[in-house]
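Understanding the architecture of this molecule
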Amino acid sequence: MSLDPPTYLSSLQNNIRARPIPWEGAVRAGTITDDQLSKIKAVDKVRRDLRKQTVEGDLDGYRALFLGVDGKAGVVESAARRADVVQYLLVLLGDLLESIYFQRTLRWKDH
Amino acid sequence: MSEHPKPFQPFLPFLSPSSNQEDPIPLLASTVLTTIIASSTNLSSKATSALPRLFSYLSTLTKVSDGGLQDIAVLEYSALLRSKAAREVFWEQRKETVGPLTDILRAAAGVGSDSAALWSGVAVPNARSTEGSLGGGVGLQLLYHVLLVLWQLSFEGTAIGEDFDE
């Protein structure tokens, strides 16, 4: 979006980013797998440029993480019943998308 | 993201009307969907098929009395309507999508009509919105974004022109 995000939305997102998520518990409960957790941890609460680099280096992996692959559900779906986890993942996904698309928009403008 | 065979499927169930208005999940899901759809240069048939659900959800936000939520919905419309295919879907759903926007305009202008009566004169106390407001408690920023969306629609003038005047 070209304009600053509405305050209500950005404060909601900030609030959710600051929440602690019991990831290990979510793994034990079968909400997410160990593999998925390590992918999440690799981009969660890390520097922006590192995050972008990680995602761009494994686009297929991150697409599968969120959306699922070959009939296996992604985390958005598998965590659907855990409101706290889903909220956190949606905000994280929004951040990841923003970091990769923003760059693409800049490149597009150069041409 | 849009290269996935069903990129929107996991998000769509979250868009169902929730019993709890304060539930942030539909709002967050709609934001993510909007980002994915708006950033694909060519709108695929997959995206076009997800749009009606997304527009329906956003239209419920444009009808609430919270200017902050209305503004988010209208901004998401604006991001989506950059593509012609999306503008056509939006127009097909015009009762749902455009209707509430004209209600906002009526309220801002202070024109009486049944839908505007809800608004006019009653300044909705709104802690979330800090911007200045015109008649009927409609924020300037919201008004600007509504007009922006209607302007984007006008690019489909030949298809919608006559109905638009109504």
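This is a predicted model, so every value here is computed, not measured.

When helices and strands are tallied, chain B shows eight helices and zero strands. For chain B, with 166 residues in total, the buried portion stands at 43%. In chain B, 64% of the contacts between residues at least 6 apart in sequence involve partners at least 24 apart.

What follows concerns unusual backbone geometry. Residue and element names in this part refer to chain A. The phi dihedral of K45 is positive, around 55 degrees, even though this residue is not glycine. Looking at where K45 falls in the secondary structure, it is placed in the loop between α3 (34-43) and α4 (48-57). With 8 C-beta atoms packed within 10 Å, K45 lands in the exposed category. Phi is positive for D70, which is not a glycine, with a value near 50 degrees. Mapped onto the secondary structure, D70 falls in the loop between β1 (68-69) and β2 (72-73). Assessed through the 6 C-beta atoms surrounding it within 10 Å, D70 is described here as exposed.

Here we take up the confidence of the model for chain B. Residue and element names in this part refer to chain B. Per-chain confidence: chain B averages 80 in pLDDT, with 75% of residues scoring 70 or above. Contacts of residues 112-131 to residues separated by more than four positions or lying in other chains number 33 contacts, the stretch itself having pLDDT below 50. With a pTM of 0.82, the predicted complex shows an ipTM of 0.86.

Another point: the interface of chain B and chain A. If you look at the interface, chain B gives 23 residues, while chain A gives 24 residues. Elements supplying a minimum of two residues to the side of chain B that touches chain A: α1 (25-39) and α3 (67-80) of chain B. The dominant element in the side of chain B that touches chain A, judged by the number of residues it contributes, is α1 of chain B, at eight residues. Residue classes in the side of chain B that touches chain A are distributed as 15 nonpolar, six polar and two charged.

A word on the nonpolar core. Considering soluble globular proteins, one finds that nonpolar side chains tend to be buried as a cluster. Counting residues in hydrophobic clusters, the biggest one holds 64 residues, and the most contacted among them are V76, L89 and L90 of chain A together with A29, V32, L33 and L54 of chain B. Here the element with the most residues in this core is helix α7 (residues 83-110) of chain A; it accounts for nine residues. Discounting chain neighbours no more than four positions away, the residues touching A29 of chain B are L90 of chain A together with F11, F14 and L15 of chain B.

Here the focus is α3 of chain A. All names here are of chain A. Taken together, the buried positions of α3 are occupied by Q36, K39, I40 and V43. Projection of α3 onto a plane perpendicular to its axis shows the buried side chains occupying an angular sector of 100 degrees, all on one side. What points out from α3, more than 90 degrees from its buried face, is the exposed set D34, S38 and K41. Positive backbone phi, approximately 55 degrees, marks K45, located one or two places after α3.

The next thing to look at is the environment of F155 of chain B. Within the secondary structure layout, F155 of chain B lies in the loop between α7 (140-153) and α8 (157-165). Residues F155 of chain B and R87 of chain B, spaced 68 residues apart in sequence, show a C-alpha to C-alpha distance of 8.6 Å.

A few words on helix α5 (residues 59-67) of chain A. Buried residues of α5 of chain A: Y62, L65, F66 and L67 of chain A, and no others. Seen along its axis, α5 of chain A keeps its buried residues to an arc of 165 degrees; they face one direction.

Further remarks concern the packing of helix α2 (residues 45-62) of chain B against helix α4 (residues 84-92) of chain B. Pairs of packed helices are described in terms of their axes, by the angle between the two and the distance that separates them. Residues and elements named next belong to chain B. It is the contact of α2 with α4, at a shortest axis distance of 10 Å, that shows an interaxial angle of 45 degrees. In terms of orientation, α2 lies oblique with respect to α4. Between α2 and α4 the crossing geometry is right-handed. Contacts between α2 and α4 involve T48, L51, P52 and F55 from the former and A85, A86, V89 and F90 from the latter. Of the residues that constitute the contact of α2 with α4, the class distribution is seven nonpolar, one polar and no charged.

What follows deals with the environment of V74 of chain B. Residue and element names in this part refer to chain B. Examined against the element boundaries, V74 turns out to sit in helix α3. For the pair V74 and T60, spaced 14 residues apart in sequence, the C-alpha to C-alpha distance is 11 Å. Each residue touching V74, except ones within four places of it in the same chain, is listed here: T62, L142, H145, V146 and V149.

Criteria and thresholds
Residues numbered from 1 in each chain as written. Chains lettered and ligands numbered in written order. Predicted model: local features only at pLDDT ≥ 70, side-chain atom pairs only at ≥ 80, totals over all residues. Helix = DSSP H or I, 4+ residues; strand = E, 2+ residues; numbered from the N terminus. Buried ≥ 20, exposed ≤ 12 C-beta atoms within 10 Å, placed from the backbone. Contact = placed C-beta atoms within 7 Å. pLDDT = per-residue confidence, 0-100. Nonpolar A, V, L, I, M, F, W, Y, C, P; charged D, E, K, R; others polar. Core = buried A, V, L, I, M, F, W, Y, C linked by C-beta atoms within 7 Å. Arc of directions from axis to C-beta. Axes fitted to C-alpha atoms, helices over the stretch in contact; angles between N-to-C directions. Parallel < 35°, antiparallel > 145°, perpendicular 65-115°, else oblique. Left-handed = near helix turned anticlockwise from the far one by under 90°.

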